[in-house]
Amino acid sequence: MGIGKNVKLIRELRGLTQIELSERTGGVASQAAISALEKRDSSRTQYLNVLAKALNVSTSLLLKADLKPSEVEGEGIEAWEEGDKEIDDAFVEIPEFELCVSAGCGFSNGTDADIYREIEQAPKVRYRLDFFTSRGINSSYCKRFKVDGDSMEPLLFDGDRILVNTADSLRIKDGAVYAINYNGELKVKRLQRKMNGSILLMSENKAYPPEEISSDAIEEGRFFIIGKVLEKSSTYGFD
């Protein structure tokens, strides 16, 4: 496996499109250049350093032969549990949440307390503050959730945790990964808005066909977007 395949592997593990990765490089590596690199899978590239920085990995990892998903570290995260030293100003702690049972139909306009419940027994995770500020994201709107099921494999595995920006829930970026509430159930899917006002839910696992959510279901509050997925942490392969 060359640099191109490693870039593609890590990019997809991060839940990034080629355009989003290009944006993280500040446009230094264009979407076309990234696409060509991934297809060509060469052993060298002038964008090695800038891509490593954008993907938050070392250059040696991008150069590694036979790179496995389990070798890719979580982006910008550090585990934090009660008893650790006080979090300094360079970090922010993000708890894990679940959907309230009552957060099914009609709660798309409810308060956070109506929709989410913090899982107090779950360990908090601390993130570098610059992970958010560099992206123009307010960390107070971010929440962690647990992934259930295999519909998003190999991008997301059962038991993975995802970081979700709940402030990014109104504008759909076609093909990006979002956490959604559909009939009171948390799902993680790639989304695509259709011309008729419906939304297409797309899984990574080809065993799960696309599902179309009608505009009626959206208007009735049976479906709403929780937020865009920013990052994942996984112990898959180590359990």
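Because the structure is predicted, anything quoted here is derived from the model rather than measured.

Undergrad: Talk me through the nonpolar core; I want residue IDs and the actual numbers.
TA: In terms of nonpolar packing, the biggest core is built from 22 residues, with Val7, Ile10, Leu21, Leu51, Leu55, Val57 and Leu62 touching the most fellow members. Going through the elements one at a time, helix H1 (3-13), helix H3 (31-40), helix H4 (48-55) and helix H5 (59-62) are the ones with two or more residues in this core. Not counting chain neighbours up to four residues away, the residues in contact with Val57 comprise Ile10, Arg14, Ala52 and Leu62. With 17 residues, the next largest nonpolar core counts Leu155, Leu156, Val164 and Val188 among its residues.

Undergrad: Go over H4 with me, naming the residues and quoting the values.
TA: Taken together, the buried positions of H4 are Leu48, Leu51, Ala52, Ala54 and Leu55. The buried residues of H4 occupy an angular sector of 165° when projected down its axis, which confines them to one face. Every exposed residue of H4 that faces more than 90 degrees away from the buried side is listed here: Asn49 and Lys53. Elements in contact with the buried residues of H4: H1, helix H2 (18-24), H3 and H5. Asn56 occupies a position one or two residues after H4 and carries a positive phi of about 60°.

Undergrad: Requested: an account of the sheet that holds strand S12 (residues 223-233), with residues and values cited.
TA: Strand order in the open sheet formed by seven strands is S6-S7-S12-S8-S9-S10-S11, with antiparallel pairing between adjacent strands. Either end of the sheet is taken by a strand with one partner, and the two such strands are strand S6 (142-146) and strand S11 (211-213). Shown here is a sheet whose adjacent strand axes are inclined to one another by a mean of 45°, direction ignored. Examined bridge by bridge, strand S9 (residues 185-193) and strand S10 (residues 199-202) share four bridges and lie antiparallel to one another.

About the thresholds
- Residues numbered from 1 in each chain as written.
- Predicted model: local features only at pLDDT ≥ 70, side-chain atom pairs only at ≥ 80, totals over all residues.
- Heavy atoms only, no water.
- Core = buried A, V, L, I, M, F, W, Y, C linked by side-chain atoms within 4.5 Å.
- Buried < 20%, exposed > 50% of the residue type's maximum accessible area, 1.4 Å probe, protein only.
- Helix = DSSP H or I, 4+ residues; strand = E, 2+ residues; numbered from the N terminus.
- Contact = heavy atoms within 4.5 Å.
- Arc of directions from axis to C-beta.
- Pairing = 2+ DSSP bridges.
- Axes fitted to C-alpha atoms, helices over the stretch in contact; angles between N-to-C directions.

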